[in-house]
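Chains, contacts and geometry: an overview
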Amino acid sequence: MIRSLSLNTFKNIKSTRNFSIKSIINEQYKVCWNENHDPRQCKGYFINENYQLISPFHDIPLKANSEANTFNMVVEIPRFTNLKLEVNKDGFLNPIQPDIKKGKYRVVKPFFPYSGYLWNYGYLPQTWESPFEIHPVLKVKGDNDPIDVCEIGTKLAKVGDVKQVKLLGGLAMLDEGELDWKVFAIDIKDPLAKTLNDIKDIETHLPDLIPHTINWFKNYKKADGKPENQFAFDSEPQSKEKILDVVNETHGYWKKLLNSNDPSMETKISKNFSSDLSVAFKENEDFYNAHKILQGDPYLTQLMNTLNINSNNLELKPKSDELQLHYNK
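Conventions and cut-offs
Residues numbered from 1 in each chain as written. Predicted model: local features only at pLDDT ≥ 70, side-chain atom pairs only at ≥ 80, totals over all residues. Heavy atoms only, no water. Helix = DSSP H or I, 4+ residues; strand = E, 2+ residues; numbered from the N terminus. Buried < 20%, exposed > 50% of the residue type's maximum accessible area, 1.4 Å probe, protein only. Polar contact = N/O pair within 3.5 Å; in protein donor to acceptor, adjacent residues only side chain to side chain. Contact = heavy atoms within 4.5 Å. pLDDT = per-residue confidence, 0-100. Salt bridge = Lys/Arg side-chain N within 4 Å of Asp/Glu carboxyl O.

1. With respect to the side chain of Q238
- Among the secondary structure elements, Q238 is positioned in the loop between strand 16 (230-231) and helix 4 (240-259).
- Overall, Q238 belongs to the buried group, its relative accessible area being 13%.
- Within the local environment of Q238, its side chain forms a polar contact with the backbone oxygen of E236, the two atoms lying 2.8 Å apart.

2. Some points on helix 3 (residues 209-219)
- Every buried residue belonging to helix 3 is among L209, I210, T213, I214, W216, F217 and N219, and all of these are buried.
- Of the surrounding secondary structure, the elements contacted by the buried residues of helix 3 are strand 11 (120-124), strand 13 (147-151), strand 14 (162-175), strand 15 (178-187), helix 2 (199-205) and strand 16.

3. Regarding the confidence of the model for the protein chain
- Per-residue confidence for the protein chain averages 76 on the pLDDT scale, and 68% of its residues sit at or above 70.
- Of all secondary-structure elements in the protein chain, the lowest mean pLDDT belongs to helix 1 (residues 7-14), at 30, while strand 13 reaches the highest, 98.
- Confidence drops under a pLDDT of 50 for residues 267-295, and excluding neighbours within four residues, the segment shows 61 contacts in the predicted structure.
- Segment residues 310-329 is flagged for pLDDT under 50; beyond a separation of four residues in sequence, or across chains, it makes 61 contacts in the model.

4. Side note on the pattern of salt bridges
- With the rule as written, the count across this model stands at 10 salt bridges.
- Its salt-bridge partner being D145, residue K89 comes within 2.9 Å of it at the nearest N-O pair. Of this pair, K89 sits in the loop between strand 7 (85-87) and strand 8 (96-98) while D145 sits in the loop between strand 12 (141-142) and strand 13; the two residues are 56 residues apart in sequence, bridging distant segments of the chain.
- Judged by its relative accessible area of 15%, K89 is buried.
- The class of D145 is partly exposed, set by a relative accessible area of 25%.
- A salt bridge links K221 to D175; the shortest N-O distance between them is 2.8 Å. In this pair, K221 is assigned in the loop between helix 3 and strand 16 and D175 in strand 14, connecting sequence segments 46 residues apart.
- Members of the salt-bridge network, linked through shared partners, are D148, D180 and K182.

If you want it as structure tokens, here you go:
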């Protein structure tokens, strides 16, 4: 029987010593953070409305409302902050955690006139800029990440917020020779949401936003000695219709990633996603490998113990055309 946790269980989780549950704007999803003394080990795991651990990369649907053409966006970095947090594509259940290079946090250094990110920054789940696909015009590959989103509303988000947004347009950034789309979006609950419907509306009502966005992305890595980023299409913002096509295309790449039998893609999947139980495991040994990884993560193991979930009773059950992780008791 699928275990459904009670509200009392949720309260117990909230009061545990090593984990805290943070309610977020979209009540369907909550984030559980391990409160480690070493913040480099901090991880945020996602729980859905049924209190089941999920992957924020694979299990949160791309579309929030298909009829209204609104999308789910997962916030990694709130506006005006500069610590680089991101979903861990390689990690078990893809937690959000600090990005660390050579033992140090990745922090965006202030540069005039900016101090931190200009928007609530995150990504669209169930999208993937494939490094196996070459753009027909730009002749470059994708950057192996979900589609990045710059949410430009008036409210300051929190790490792990799942916002329902409408897409407005975007920019095609070239980061070290890879295509890295930056999509403008706005929270549907924001006061500006009724006014902003396309890229032209941003140019009309927020005329400085796009030029500053281009300048920020071009220069934010230069303080670390890296080259200036470039933008395709002469830095021209792309329309909402164009971005919707890009999002649909990358959603297709994500589906292909999970279902491909191509040996070269299987190698890539094994490297980046084999530890994620939301991926459709094809052989038992993959499932056992996931258990092994689970046992090697004391924070996730402790969380599962708090939830009274036994890792030996994990099973995968289909939900629509994807697979979702469930727990039996």
